[in-house]
Amino acid sequence: MNLTDHQIQILPDGTLSVPNTVTVPFITGDGIGAEITPAMQQVIDQAVKSAYAGQRQILWKEVPAGQHAFDTLGTYLPDETLKAFADYHIGIKGPLTTPVGGGIRSLNVAMRQGLDLYVCLRPVRWFKGVESPVKHPERVNMVVFRENTEDIYAGIEWKAASPEAKRFYEFLHDEMGVTKVRFPETSAFGVKPVSEEGSKRLIKAACQYAIQQGSKHVTLVHKGNIMKFTEGGFKNWGYELAEQDFKGQIRMDDCICDAFLQNALIKPEAYDVIATMNLNGDYVSDMLAAQVGGIGISPGANINYEAGRAIFEATHGTAPDLAGKNQANPCSIILSAVMMLDHMGWHEAANKVTQAIESTFGQGYATADLARFMDQGKPLGTKEFATALCQEM
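Residue numbers restart at each chain and count upward from 1, following the sequence in its written direction. Selection of residues for local features in this predicted model requires a pLDDT of at least 70, selection of side-chain atom pairs for listing and counting requires 80 or more, and totals for whole chains, interfaces and linings are taken over all residues. To get the side-chain values, take all heavy atoms of the structure and skip hydrogens and water.

Visitor: For this particular structure, what's the right way to read the overall build of the protein?
Guide: The secondary structure content of the protein amounts to 13 helices and 16 strands. The cut-offs for exposure are 20% and 50% of the maximum accessible area for each residue type, with area from a 1.4 Å probe on protein chains only; residues under the lower value are buried, those over the upper are exposed, and the others partly exposed. When the 393 residues of the protein are sorted by exposure, 49% land in the buried category. Throughout, a contact is declared for two residues whenever any of their heavy atoms are within 4.5 Å. Within the protein, residue pairs in contact and separated by at least 24 positions form 74% of the contacts whose partners lie at least 6 positions apart. Here the protein has roughly 18,400 Å² of accessible surface; of this, 51% comes from carbon and sulfur atoms. For the charge count, each Lys or Arg is scored as positive and each Asp or Glu as negative, with His and the chain ends excluded. Think of each charge as sitting on NZ of Lys, CZ of Arg, CG of Asp or CD of Glu. In the protein, which carries 35 positive and 45 negative side-chain charges, the distance between the mean positions of the two groups comes to 4 Å. Helix numbers and strand numbers start at the N terminus; a helix is a DSSP run of H or I with at least 4 residues, a strand a run of E with at least 2. Each accessible area is a Shrake-Rupley estimate made with a 1.4 Å probe; only the visible protein chains count as cover when residues are assessed.

Visitor: Can you walk me through the nonpolar core in this structure?
Guide: Of all hydrophobic cores here, the largest spans 75 residues; its most connected members are Ile58, Ile92, Phe145, Ile203, Val218, Val353 and Phe361. Of all the elements, helix H10 (residues 331-344) adds the most residues to this core, at 10 residues. Residues belong to one nonpolar core when they are buried, are Ala, Val, Leu, Ile, Met, Phe, Trp, Tyr or Cys, and are joined through side-chain atoms within 4.5 Å. Residues Tyr88, Leu96, Met111 and Ile311 belong to the second largest nonpolar core, which totals 16 residues.

Visitor: Explain unusual backbone geometry to me, please; I cannot follow it from the model alone.
Guide: Apart from glycine, the bulk of residues carry a negative phi angle, and the bulk of peptide bonds sit in the trans form. Even without being a glycine, alanine 319 presents a positive backbone phi close to 45°. Among the structural elements, alanine 319 can be located in the loop between strand E14 (309-314) and H10. The phi angle at glutamine 376 is positive, at roughly 55°, despite the residue not being glycine. By secondary structure assignment, the location of glutamine 376 is in the loop between helix H12 (368-371) and strand E16 (378-380). We classify glutamine 376 as exposed; its relative accessible area is 71%.

Visitor: Just checking my understanding: could you explain the packing of aromatic side chains for this structure?
Guide: Note on ring pairs: Phe, Tyr and Trp rings are taken, using the six-membered ring of Trp, and paired if centres are within 6.5 Å. Classes follow the plane angle, with under 30 degrees stacked, over 60 edge-to-face and the rest tilted. Inspection of the entire model under this criterion finds 10 aromatic pairs. Residues phenylalanine 127 and phenylalanine 361 carry aromatic rings whose centres are separated by 5.9 Å and whose planes lie at 80° to one another, so their mutual orientation is edge-to-face. Here phenylalanine 361 lies in helix H11 (residues 347-362) and phenylalanine 127 lies in the loop between strand E6 (119-125) and strand E7 (141-147), a separation of 234 residues in the sequence. A residue is classified by how much of its surface remains accessible, and phenylalanine 127, at 2% relative accessible area, is buried.

Visitor: Would you take a moment to explain the pairing of E6 for this structure?
Guide: For a regular strand, the rule is simple: side chains alternate between the two faces of the sheet. Within E6, 5 of the 7 residues are buried, which leaves the element mostly enclosed by the surrounding structure. In short, DSSP must find at least two bridges between two strands for them to pair. Where E6 meets E7, 7 bridges bridge the pair, whose relative direction is antiparallel. Along E7, the bridge assignment pairs valine 124 with methionine 142. When E6 meets strand E13 (residues 299-304), the two strands line up antiparallel, connected through 3 bridges. Paired with leucine 121 across the two strands is alanine 301, which belongs to E13.

Structure (structure tokens):
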């Protein structure tokens, strides 16, 4: 059977054409990846089977990355893996080890930049029954669009006291007239690139999403009061885009990042879709996740809407202390797979998983990390929790 028959195709208008039998490349992941990824596949397969009575299915295609890839192939991120994600336009991954002491700074960043996945999409909502540190977690219902390819995550920096740092400072001082570096001899330096094109494509995606979801409200979160040309540029380009391309369709406002972090605790219901830069988005999405139960139940995706590529992922780490113990919480990667189903247009299957999680949590069943904080919580192992979700469907 020709695998091209099972590939998602991008239509001329940019929408996806998804066959009833579709191949999805996946990375198992390091540490607890070996447990949570099979649990996710079990749940998603059951949801698809239940929703479509066997008329649709996913063919899972494993591709290498992470520690296992390095041990067997000598590289943490083989070219064939990036090619598979590009060719099939979709994929999902478990948590990956970040190499220590040189090489790739971060496998996640390398994939995002290698495939130009410029949107990090992080929906944040609360599930009834999950313990939260805030009084009203049900008021938190936001979607964060975090720019994925620029800002300080571009990795342009020089070590303190290195020849490169010395040359960079000399350029700043001698050529650009910069005199504000207080301790130039011992300073490290970094460059923060923020472009009009990169900002506008991210904000455009947030606006289109807000219109599709019916909220029509986008908040630009930035630190433009201090970084006037980078983060201030992001804000200005956002308003410019809204005026040119979405006039009358979007209600856009903005908020300084530190004020937003406060407001999101005090009045989270005031926000719907957030568009922000890379570093701010890292802080914001994890803080919001903490309000609804933690990163263990927070899904995420990295998307290039223009090229039609998307990788969905567990948003947490490899948790090596839990590996092999059947204790890991698979909800992050399961909910990321729900996002994947929605991205494919398989909404019926996505809804079945969400409803199963709501019902299972409502009965007090969860993995130990969540169950111990629930009223009459009943802890389940990783495998048992996946089975419980399947039984709900």
